[in-house]
Amino acid sequence: MADSGLLLKRGSCRSTWLRARKARPQLILSRGFTFSGICRVTCLYGQVQVFGFTISQGQPARDIFSVYTHSCLSIHALHYSLPEKSKKELKREARNLLKSHLNLDDRRWSMQNFSLQCSIVLLEHLKTASVNFITSYPGSSYIFVQESPTPQIKPEYLALRSVGIRKEKKRKGLQLTESTLSALEELVSVSCEEVDGCPVILVCGSQDVGKSTFNRYLINQLLNSLPCVDYLECDLGQTEFTPPGCISLLNITEPVLPPFTHLRTPQKMVYYGKPSCKNNYENYIDIIKYVFSAYKRESPLIVNTMGWVSDQGLLLLIDLIRLLSPSHVVQFRCDHSKYMPDLTPQYVDDMDGLYTKSKTKMRNRRFRLAAFADALEFADEEKESPVEFTGHKLIGVYTDFTYRITPRNRESHNKILRDLTILSYLSQLQPPMPKPLSPLHSLTPYQVPFNAVALRITHSDVAPTHILYAVNASWVGLCKIQDDVRGYTNGPILLAQTPICDCLGFGICRGIDMEKRLYHILTPVPPEELRTVNCLLVGAIAIPHCVLKCQRGIEGTVPYVTTDYNFKIPGASEKIGAREPEEAHKEKPYRRPKFCRKMK
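How each quantity is defined
Residues numbered from 1 in each chain as written. Predicted model: local features only at pLDDT ≥ 70, side-chain atom pairs only at ≥ 80, totals over all residues. Heavy atoms only, no water. Pairing = 2+ DSSP bridges. Helix = DSSP H or I, 4+ residues; strand = E, 2+ residues; numbered from the N terminus. Buried < 20%, exposed > 50% of the residue type's maximum accessible area, 1.4 Å probe, protein only. Polar contact = N/O pair within 3.5 Å; in protein donor to acceptor, adjacent residues only side chain to side chain. Contact = heavy atoms within 4.5 Å. Salt bridge = Lys/Arg side-chain N within 4 Å of Asp/Glu carboxyl O. Axes fitted to C-alpha atoms, helices over the stretch in contact; angles between N-to-C directions.

S.K.: Would you mind showing me how to read the sheet that holds strand 22 (residues 502-513) here?
M.R.: Two orientations exist for strands paired in a sheet by backbone hydrogen bonds: parallel and antiparallel. Within the open sheet, the seven strands sit side by side as 18-23-22-20-24-19-21. Their pairing is mixed. Two strands close off the open sheet at either side, each with one partner strand: strand 18 (446-449) and strand 21 (493-494). With four bridges connecting them, strand 20 (residues 475-480) and strand 24 (residues 535-538) associate as antiparallel partners. Its bridge partner lying in strand 24, Gly477 is registered against Leu537.

S.K.: Would you mind going over the side chain of Arg62 with me for this structure?
M.R.: Tracing the sequence through the fold places Arg62 in strand 7 (residues 62-66). For Arg62, a relative accessible area of 14% corresponds to the buried category. Polar contacts involving the side chain of Arg62 include one to the side chain of Glu254, which spans 2.6 Å. For Arg62, the residues in contact, after removing those within four places along its chain, are Cys39, Arg40, Val41, Phe53, Ile55, Glu254, Pro255 and Leu257.

S.K.: Sorry if this is basic, but what is going on with unusual backbone geometry here?
M.R.: Most peptide bonds adopt trans geometry, and most residues besides glycine take a negative phi value. Of note, the bond from Met433 into Pro434 is cis; its omega dihedral lies within 30 degrees of zero at 5°. One non-glycine residue, Asp311, lies in the positive phi region at around 55°. Mapping Asp311 onto the fold places it in the loop between strand 15 (301-304) and helix 8 (312-324). At Ser325, a residue that is not glycine, the phi angle is positive and equals roughly 45°. Along the chain, the position of Ser325 falls in the loop between helix 8 and strand 16 (328-333).

S.K.: So what exactly am I meant to see when it comes to the pattern of salt bridges here?
M.R.: Opposite charge on two side chains lets them pair, provided their charged atoms get close. Applying the stated criterion to the full structure yields 11 salt bridges. Notably, a salt bridge pairs Lys268 with Asp502, separated by 3.2 Å at the nearest N-O pair. With a gap of 234 residues between them, Lys268 in strand 14 (residues 268-271) and Asp502 in strand 22 connect regions that are remote in the sequence. Across the pair Lys289 and Asp286 runs a salt bridge, and its minimum N-O distance is 3.4 Å. You can see Lys289 and its partner Asp286 sitting in helix 7 (residues 281-292), three residues apart, about one turn around the helix. Residue classification places Lys289 among the buried positions, given a relative accessible area of 9%. Among the residues examined, Asp286 registers a relative accessible area of 24% and is labelled partly exposed. Connected through shared salt-bridge partners, Arg166, Glu168 and Lys172 make up one network.

S.K.: How do you make sense of the sheet that holds strand 16 when you look at a structure like this?
M.R.: Reading across the sheet, the seven strands line up as 14-13-12-15-11-16-17 and stay open at both edges, with mixed pairing between neighbours. Since the sheet does not close on itself, it has two edges, and those belong to strand 14 and strand 17 (393-398), each with one partner. Neighbour to neighbour, the strand axes of the sheet diverge by 20° on average, direction disregarded. Here strand 13 (residues 246-252) runs beside strand 14; their pairing, made up of four bridges, is antiparallel. Along strand 14, the bridge assignment pairs Leu249 with Lys268. Against the sheet, helix 5 (residues 178-193) contacts strand 11 (200-204), strand 16 and strand 17, and its axis sits at roughly 145° relative to strand 17. Here helix 6 (residues 211-223) sits on the sheet in contact with strand 11, strand 12 (229-233), strand 13, strand 15 and strand 16, set at roughly 170° to strand 15.

S.K.: Looking at this model, I keep getting lost on the environment of Ile512. Mind explaining?
M.R.: Position of Ile512 relative to the elements: it lies in strand 22. Judged by relative accessible area, Ile512 falls into the buried class, the value being 11%. Considering only alpha carbons, one finds Ile512 and Gln447, 65 residues apart in sequence, at a separation of 9.3 Å.

S.K.: Would you explain the pairing of strand 5 (residues 47-50) in this entry?
M.R.: Looking along a regular strand, one sees side chains alternate from face to face of the sheet. As paired strands, strand 5 and strand 6 (residues 53-56) are joined by four bridges and run antiparallel to one another. Within strand 6, the position partnered with Gln47 by the bridge is Ser56. Remark: two residues form the turn of the hairpin made by strand 5 and strand 6, two consecutive strands paired antiparallel; Phe51 in that turn has positive phi of roughly 50°.

This is the structure:
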């Protein structure tokens, strides 16, 4: 395994030394080390910070993903307290720590460049089943590693390349504004004090202003001091820890260093089935109430919201603030973002939401947590609301970064991220390293009888005679409903309404056997959890095209791919599964999936 050592020294321009195997040490002139690519980082001595998370000596190695779809990451040396020992004693202690990690030559080099307050970091080549699976599809390999536009032969470049990374200019790294740093410091302080209980932090703002980056950084900062952080995902289009189209509650115990590869198992999750809640707002609110009811208030809660903050989106956000009653609202804005009024407690009280009335007459506001199914007051009800609010503290954050996403390419960018998240989820089907990848069509699916699960198309009305066409070759939510679906002789069992129910995971319906009346489901969900699944939900979230088009080892006609397709058929829209633009107000029709034969 190729590796290299980094010596980081805080506060000096000449701060980073690179040890290249079979080459002389090369000096990197930078205060930190900004890079692109992926690697495994181990802090052998001292203390460093990556994306807000502190890595100290003795801690386990961390997998770091600095990919092109996000800002480059940096490794920064931190100041740490030194024991009352001489430099000679400290060097002896550092040398003993390095014995199990570095060979004799590397240890000698490290000691030659050793100084007080330095940190020694081991960078190793990273290969995981998830990375191998994602990069096996054409067009995805560049996500993790990008070659230099001009080939170099410098030892520094070659050493880093052997690890799988490339040094980048500091300006390509994450740059946090003063208001961002101030907000982070305040929220970490409040969360660690626990004077008034665990804070509920709602983060809002228009699209592409840095909400997700802030959330990740805040989680990492909190995990430096706290054992865990709770996270409520309310953004259907750009989910952080689950496949898209979900509302979920998670307990985060590990740092969030990579994007779209850090999927976690939620405490509670509901599959909404679309990347946007437009035209079905009430169901969106009901699902958030259902998921939020599982929050135990034992850890700080970070609430991620949609980037739709104009017109009805703003009114829906006001409803959400009243429903969740956050202690802090972090509102993002930047030069390119659309106008959004300051969501002060007074503004929220004075404004009617999409479903809730204003509370202008409530002056002495005290929040009392009640059963949310009965507590939320709708505008068409005459009774006085039983919910009282203490209000929240509004924290304004201004972001200033190079803006690469435009309205024209935003949908393409978002779709890439959603596809990568689904590929990351499907990579759980792969055997662990170093075993080779297995094509999805070579894996054995589960056989599910028609009469064992109920079916529902969540995003459109589909004629019962076409239901199985819609389910076949589709991304399906594996859910658990309260109703007992057993007792039906044949099936399929069709639900008249979309239930609000727990989603245990996802799979691909890779075939339907009409003779044996079986669904063939490919999923990484463990068998013990699958025993409780009794409902399949199909939404507008599509399987990435590369999964169907790039099936290795297939000769002749590729299953589920055809060129004989009539786009003039009503509902044959290419935008099904895409995030709807803000100005769209009409429900798009359902599009039958394109396939040609059952996958064997």
